[in-house]
Amino acid sequence: MIGLISATAAGAAARDRLAAAWPDRTRVYEGPAGEAVRAAFAECDRLVCFLATGATVRLLAPLLGDKAADPGVVCVDEGGRFAVSLVGGHGGGANELAYEVAESLGAEPVVTTATDVVGLAGLDTLGLPVEGAVAAVSRALLDGEPVVLEAELAWPLPPVPFAEQGAYTVRLTDRAVQPGAQEVLLRPPSLVVGIGASKGAPVEEVLGLIEEALREAGLSVRSVAELATVDAKSEEPGIVAAAERLGVPLVTYPAGELAAVAVPNPSDAPLAAVGTPSVAEAAALRNGGELLVPKRKSGAKPAMATCAVVRRPGRGRLAVVGLGPGARDLLTPRAAAELRRASVLVGLDQYVDQIRDLIRPGTRVLESGLGAEEERARTAVAEARKGHAVALIGSGDAGVYAMASPALAEASDDIDVVGVPGVTAALAAGAVLGAPLGHDHVSISLSDLHTPWEVIERRVRAAAEADIVVTFYNPRSRGRDWQLPKALAVLAEHREPGTPVGVVRNASRPDESARLTTLTELDPATVDMMTVVTVGNTATRNIAGRMVTPRGYRWQHAPEGAR
């Protein structure tokens, strides 16, 4: 919960705007500012104070304890112009909150954390538990000193500019080791603990068994990702409480699924009790991995709990990102976040150039030219399979005539795939023209490099006969100059010569151009590969220089009051 505090009418106005925007995330604290800050500090994860920074600092000073536990605090001036990350930038989430508040209120975010200012991913913001000399190693990264990554297992980390050799180290490990003087340990959630238990097994016995098994195997409890068991034990109090105390989810599986998992130590006892010859080992191995600790029993007499530990490899992550039509303000926040998250960026060279300033230090960029789409898709998937966080970029929406199709055709279920939508060329051009896509519409690529012309023509003819608005992608190039005239001729068999046609080149970019013409007046020679051509249907009109397709047909003839 985010606590909101103000002291003046102007501050309250800005506070109430944020409360209205985030009704489920915020709680307004009324009364004197000092009392409100103290109450919110004790009860909330983060605070937004609509006060002067000096006043906020004085109110917070007696309350501050441990930066790892204190809530993050953002200070907003009473005019709502700036959202300042005041304390708890990383650990308390204030930096992220400052950007969110600024976006909601139309303010300017102010973040002074050193790593954020220079675009580095903070070691305590990588989404993993961190131990050791965080400040010293972060300072080394900021000063450009070489920091080495020692990854004992593959994991999709955000980009950090690691070196081959250096005096400082970041070690990615799930082993129970102590960090050196100039070392940071990152704890990946790589361990799955399978649990079996008799009815009424006490939580102390379950926890004690888990901790003993991890300790003897030299594994860190901070890398435990989940506890796993059979469905029949989903509400067993000792298991449920153990998961809660460890702060990890409890995952359960049907007995039939666990019975199908090959394990080294099956037993008749669980088979008779819950319908599977293995609970602990089978639950831990259910989704694959390396069995580090075979089934073992607790030391109690009689033993009421069993456990097994599996190391599950990190799954690579492939984000297929649509950059939009080109204008920076049409790049979605989600797309920008994925670009910051990726340690490997794959894309067409001209698209990489568009967003090069958003690429974080340490990101490996794999760019290539036109015509290498399949190669880029294969490269992106291969990098994800190595355990990296990969962003594969495309213009517009990556799923529309872009990189999502070849990438997903190449990918299998051994990596995580995330699609990030973008504003398509058709939508960007439509916004420039007016409202040409107000009714049913279709997009057709006129490039016959991958699709036989006979198929393309059949689709154009179907759209013409169905009276559907058509947007042509890839309409004309120097080597393909006859396809657009042929497609227009097919449409002309079913539409009037005066049917509006919109032509937009480089929609949303600085050299954008647009014109509204008709089916017979359009000169195909003025069209190129950077152009989108939109042909209206029989209801489309030129209204005050704008291309408009009505939402329906009936309203055009309905009485005025019925519209």
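Placed above this text is the structure.
Residues numbered from 1 in each chain as written. Predicted model: local features only at pLDDT ≥ 70, side-chain atom pairs only at ≥ 80, totals over all residues. Heavy atoms only, no water.

Brief notes about the overall build of the protein
- Of the regular secondary structure elements, the protein holds 18 helices and 28 strands.
- Taken along the three principal axes of its C-alpha coordinates, the protein extends 90 × 65 × 60 Å.
- Among the 563 residues that make up the protein, the fraction classed as buried is 47%.
- Summarising the internal contacts of the protein: among those between residues at least 6 apart in sequence, 63% fall at separations of at least 24.
- For the protein, the accessible area works out to roughly 26100 Å², and carbon and sulfur atoms hold 51% of it. (Helix = DSSP H or I, 4+ residues; strand = E, 2+ residues; numbered from the N terminus. Buried < 20%, exposed > 50% of the residue type's maximum accessible area, 1.4 Å probe, protein only. Contact = heavy atoms within 4.5 Å. Areas by Shrake-Rupley, 256 points an atom, 1.4 Å probe, with all protein chains shown as cover.)

Focus: the side chain of T499
- Note on placement: T499 falls in the loop between α18 (483–492) and β24 (500–505).
- By relative accessible area, T499 is classed as buried at 5%.
- A polar atom in the side chain of T499 sits 2.8 Å from the backbone oxygen of E496.
- When near neighbours in sequence (up to four residues on either side) are disregarded, T499 contacts T517, T518, L519, V535, G536 and N537. (Polar contact = N/O pair within 3.5 Å; in protein donor to acceptor, adjacent residues only side chain to side chain.)

Some remarks on unusual backbone geometry
- Here the bond from K301 into P302 is cis, since omega is -5 degrees, no more than 30 degrees from zero.
- Secondary-structure assignment places P302 in the loop between β14 (290–297) and β15 (305–311).
- Positive phi outside glycine occurs at D467, with the angle close to 60 degrees.
- By the secondary structure assignment, D467 is in the loop between α17 (453–465) and β23 (469–473).
- Even without being a glycine, S508 presents a positive backbone phi close to 75 degrees.
- In this fold, S508 is placed in the loop between β24 and β25 (513–518).

Remarks on the packing of aromatic side chains
- In the structure shown here, the tally under the stated rule is two aromatic pairs.
- The ring of W22 has R25 sitting right over it, with the charged end atom 4.3 Å from the ring centre. (Phe/Tyr/Trp six-rings, centres within 6.5 Å; stacked < 30°, edge-to-face > 60°. Lys NZ or Arg CZ within 6 Å of the ring centre and 35° of its normal.)

Here's the deal with the sheet that holds strand β10 (residues 183–186)
- The strand order across the open sheet formed by four strands is β7-β10-β9-β8, and the pairing between neighbours is mixed. Two strands close off the open sheet at either side, each with one partner strand: β7 (130–132) and β8 (147–151). Neighbouring strand axes in the sheet, compared pairwise and without regard to direction, differ in orientation by 20 degrees on average.
- Across three bridges, the pairing between β7 and β10 is antiparallel. Following the sheet pairing, E131 is matched in β10 by L185.
- This element, helix α6 (residues 134–142), spans β7, β8, β9 (168–172) and β10 of the sheet and lies at about 115 degrees to β9. (Pairing = 2+ DSSP bridges. Axes fitted to C-alpha atoms, helices over the stretch in contact; angles between N-to-C directions.)

Points about the sheet that holds strand β21 (residues 434–435)
- Pairing is mixed in the open sheet, where three strands are placed in the order β21-β28-β27. Both outer strands of the open sheet, β21 and β27 (541–543), are each paired with one neighbouring strand and no more.

Topic: helix α7 (residues 203–217)
- End to end, α7 covers 21 Å across 15 residues, agreeing with the expected 21 Å (1.5 Å per residue, within 8%).
- Close packing links the buried residues of α7 with β11 (191–197), β12 (224–230), α8 (237–246), β14 and β15.
- Just downstream of α7, G218 is the residue with a positive phi angle, here 70 degrees. (Expected span 1.5 Å × (residues − 1).)

Regarding helix α2 (residues 33–43)
- For α2, the set of buried residues is A33, G34, A36, V37, A40 and F41. Taken end-on, α2 shows its buried residues confined to a sector of 160 degrees, consistent with a single buried face.
- Tucked into the core, α2 has its buried residues touching β1 (2–6), β2 (26–29), β3 (46–50) and α3 (53–60). (Arc of directions from axis to C-beta.)

Concerning the pairing of β15
- Judged by how many residues are buried, β15 sits mostly within the fold: six of seven residues are covered.
- With seven bridges joining them, β11 and β15 adopt antiparallel strand pairing. Looking at the pairing, V193 lines up with V309 of β15.
- Looking at chain direction, β14 and β15 are connected through five bridges and run antiparallel. Bridge pairing in β15 links E290 to R311.

Concerning the packing of α17 against α18
- Taken N-terminus to C-terminus, the directions of α17 and α18 make an angle of 30 degrees; their axes are 9 Å apart at the nearest point. The chirality of how α17 crosses α18 is right-handed. Along its contact with α17, which presents W453, E457, V460, R461 and A464, the element α18 presents Q483, K486, A487, V490 and L491.
- Grouping the amino acids of the contact of α17 with α18 by side-chain chemistry returns six nonpolar, one polar and three charged. (Left-handed = near helix turned anticlockwise from the far one by under 90°. Nonpolar A, V, L, I, M, F, W, Y, C, P; charged D, E, K, R; others polar.)

A word on the nonpolar core
- The biggest cluster of nonpolar side chains holds 24 residues, and the ones touching the most others in it are V193 and L227.
- Contributions of two or more residues to this core are made by β11, α7, β12, α8 and β15.
- With seven residues, the top contributor of residues to this core is α7.
- L227 has contacts with V193, I210, I239, A242, A243, L246, V248, P249, L250 and V251, leaving out every residue within four places of it along the chain.
- Core analysis: the next-biggest nonpolar cluster, separate from the first, contains 21 residues, W453, L491, V501 and V533 among them. (Core = buried A, V, L, I, M, F, W, Y, C linked by side-chain atoms within 4.5 Å.)

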